[in-house]
Amino acid sequence: MESFSSTYLAADADNDNSGTRPRSYNIETRHFIDGEFQGSKSCLTFDLINPTTGERSAEVSAAQAEDVDLAVVAAGRASTSWAKRSASDRRAMMLRICDLIDQNVGEFAYLEAISMGKPVANYVDHIIGTSILRYYAGKGHDIRGFTSLTTDTHLNMTLKQPYGVTAAIIPWNVSLIMLCMKIGPSLIAGNTLVLKSSEKSPLTSLLFARLAKQAGLPAGVLNILSGLGLPCGDSLARHMDVRKISFTGSARTGMLVQRAAAESNLKDCTLELGGKSPLVVLEDSDLEKAAQAAAFSIMFNSGQICMASTRVYVQRPVADQFLTLYKEKILQVRGRVGDPLDPQTTSGPVADRQQFNSIKSFLGEAKKQGCSFSLGDVPLEQRGCFVDPVIIWDPPKNSDIVKKEVFGPVVCVIPFDSEDEAIEQANDSDFGLYASVFTRDINRAIRFAKEFEAGTIGINTTSPYHCENLPIGGMKSSGTGRELGLEGLDIWTETKSVFMDLS
Ligand code: NAD
């Protein structure tokens, strides 16, 4: 049964996400293809379940291979005229979309709350998302190649050109930010885009599509599909007419996407994947500051952040003092747990039952291995998917809880003696997304920054801190390529060398 858009009653935010005034929203659940909302050709749908109540939030169209084809054809039709638009035109449209996002924050916050349990009270995705879009809006003029006169007889130059039809696949944890990271640079570079949202939070992307249409984005330039990894994501990654794909999600799926790209047309692939980010607290650091930053990092979005500081290494002489402070700060940051639509709530559930069960299984395994829980415990089955923050003290080096991404409010705190030991343990990971060090000694800080194997480094700060004009991305299994900054624009263009004979 195909369901089209449906109306749900919301404790709305009156656009300031303070969650005070009830309002009804018309929730769009169909795909956005060629400038129109339309259901799947097959009429297939999937249910979106609210992780707080266990009830259905929406019945969403599930894209199949034929819907992917339609979207790619539409993107192909739009691509030549979009690429010919001036950079100023593209900028104006992007800025109009940002203004519309600002006017609809309450609706974004509401949709995320009923999809993946993010509290409306601390919804900030629009602030980060529009900063990224506004940054890229102005960057169309900065796409440039270079010229060389080193050969006497020739002028040699490079041209930067859009790929044409591009694709993106995003996760659920910060949907609006992910949308802006992909849509901003892809469209500004003159590409058209087919984007698949996550089946855990598809509604935000459809609201974005509605606003893009309202802002006057031409039909086919942006196409949004909702659906499962199989068949929708896989069909997109394998599509022969897609020339570039940017994927954000787990390392496991990233490998599948890269394989699909290689097995089809060898499309260019950017991968932003998972993390297990170390944070090192040296004995000379400001412990209060380190504990506060580490607590925010693991509690932001209930720990469901790729770059969250999930392994905290503390120098032994200050380990007890740090642990006491850290527990206090974590509980403070957590604040009030409850219904994400309640404006007083600062901590909601994790995204869904699958995520809850996965965290529970990691913690159950850690318990079986005799790990010591300094805070929290294995979560109990209950109506909502709530997980209390957990600190595991000094678990075995090679245990899953140290090595694998849990994606919840779960952190390992591990004491160390020497700096060399801290660096060795911090780098002893398949991942390399973000790493941080806290110290008052600038020489030590720089040494750590140089030796950490991670794409992003924090000195006396940690994730989620980043800024839109510097690249982020992963080393090792955390990904390939970079997003944000000019590097994040460059990945959406192809370079062509042109040689002109001057004789
Ligand atoms: P996921 O890998 O399960 O899914 C990501 C997306 O891939 C979803 O849209 C999903 O439907 C799709 N997908 C699933 N199977 C597919 C297939 N075979 N082919 C193509 N697409 C497929 O990840 P998730 O659970 O949605 O998100 C959490 C993960 O994302 C974590 O590992 C987190 O670290 C990572 N993440 C990374 C960054 C970053 O910038 N590095 C940012 C946010 C999240």
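How each quantity is defined
- Residues numbered from 1 in each chain as written.
- Predicted model: local features only at pLDDT ≥ 70, side-chain atom pairs only at ≥ 80, totals over all residues.
- Heavy atoms only, no water.
- UniProt positions renumbered as here; feature names shortened; annotations may be inferred.
- Helix = DSSP H or I, 4+ residues; strand = E, 2+ residues; numbered from the N terminus.
- Core = buried A, V, L, I, M, F, W, Y, C linked by side-chain atoms within 4.5 Å.
- Buried < 20%, exposed > 50% of the residue type's maximum accessible area, 1.4 Å probe, protein only.
- Domains from an automatic or database assignment.
- Near = heavy atom within 4 Å.
- Polar contact = N/O pair within 3.5 Å; in protein donor to acceptor, adjacent residues only side chain to side chain.
- Areas by Shrake-Rupley, 256 points an atom, 1.4 Å probe, with all protein chains shown as cover.
- 1 Å grid on protein atoms, 1.4 Å probe; cavity = no way out; pocket = protein on both sides within 12 Å on 5 of 7 lines; lining within 4 Å.
- Sits in = over half its atoms within 2 Å of the grid points.
- Pairing = 2+ DSSP bridges.
- Axes fitted to C-alpha atoms, helices over the stretch in contact; angles between N-to-C directions.
- Points joined across faces, edges and corners; volume = space filled by probe spheres on them.
- Nonpolar A, V, L, I, M, F, W, Y, C, P; charged D, E, K, R; others polar.

Looking at an unreviewed UniProt entry, one finds the chain named aldehyde dehydrogenase (NAD(+)), with Penicillium olsonii as its source organism. The UniProt entry for the chain carries this comment under Sequence similarities (unreviewed entry): "Belongs to the aldehyde dehydrogenase family." The record in UniProt for the chain states the following under Catalytic activity (unreviewed entry): "an aldehyde + NAD(+) + H2O = a carboxylate + NADH + 2 H(+)".

**Student:** Just checking my understanding: could you explain the UniProt feature "active site" (unreviewed entry) in the chain for this structure?
**Tutor:** The feature "active site" (unreviewed entry), as given by UniProt, occupies Glu272 in the numbering adopted here. Here Glu272 shows up in strand E13 (residues 268–272).

**Student:** Got a minute to help me understand the nonpolar core in this structure?
**Tutor:** Membership of the largest hydrophobic core comes to 94 residues, with the highest contact counts inside it found for Phe208, Val312, Phe322 and Tyr326. Composition of this core by domain shows at least three residues from each of domain 1 (32–273 + 482–495) and domain 2 (277–467).

**Student:** How do you make sense of the site of the ligand when you look at a structure like this?
**Tutor:** The ligand sits among 27 residues. The nearest are Glu199, Ser250, Thr253, Leu273 and Glu405. The contact in question runs from an oxygen atom of the ligand to an N or O atom on the side chain of Thr253, over 2.7 Å. Computed on the free molecule, the ligand has an accessible area of 850 Å², of which 90% lies beneath the protein chains in the complex. Comparing atom positions with the cavity grids shows the ligand to sit within the largest pocket. Elements that contribute at least two residues to the shell around the ligand include exactly helix H7 (229–238), strand E12 (244–248) and helix H8 (251–263).

**Student:** What am I meant to see in the sheet that holds strand E16 (residues 372–375) here?
**Tutor:** The strands making up a sheet associate through hydrogen bonds between their backbones, and the pairing can be parallel or antiparallel. Spatially, seven strands are ordered E16-E17-E18-E15-E14-E20-E21 in an open sheet, and the strand pairing comes out mixed. With one partner strand each, in any of the chains shown, E16 and strand E21 (456–459) form the two edges of the open sheet. Looking at each pair of strands side by side, their axes are set apart by 25° on average, direction ignored.

**Student:** I keep staring at empty space enclosed by the protein and nothing clicks. Help me out?
**Tutor:** Where empty space is left can be seen by rolling a probe of water-molecule size over the atoms. Under the definition given, this model contains five cavities of 30 Å³ or more. As a volume, the largest cavity reaches approximately 80 Å³. Lining the largest cavity are 13 residues, and of these Ser302, Arg334, Ser347, Gly348 and Val387 lie nearest its centre. Of the residues assigned to the lining of the largest cavity, the class counts are eight nonpolar, three polar and two charged. Of the pockets and cavities examined, the second largest cavity occupies roughly 60 Å³. As for the second largest cavity, its lining consists of 16 residues, and the residues nearest its centre are Pro278, Arg311, Phe431, Gly432 and Glu453. Among the elements of the structure, strand E14 (277–281), helix H13 (419–427), strand E19 (431–432) and strand E20 (434–438) are those that each provide at least two residues to the lining of the second largest cavity. Its residues assigned to classes, the lining of the second largest cavity comprises seven nonpolar, five polar and four charged.

**Student:** Hey, could you run me through the layout of surface pockets in this one?
**Tutor:** The volume enclosed by the largest pocket comes to roughly 1,300 Å³. Taken together, 43 residues make up the lining of the largest pocket; nearest its centre are Phe247, Gly249, Ser250, Arg252 and Thr253. Elements with a minimum of two residues in the lining of the largest pocket: H7, E12, H8 and helix H11 (353–368). The element contributing the most residues to the lining of the largest pocket is H8, with seven residues. For the lining of the largest pocket, a count of residues per class yields 19 nonpolar, 12 polar and 12 charged. Split by domain, the residues of the lining of the largest pocket number at least three in each of domain 1 (32–273 + 482–495) and domain 2 (277–467). Reported here for the second largest pocket is a volume of approximately 320 Å³.

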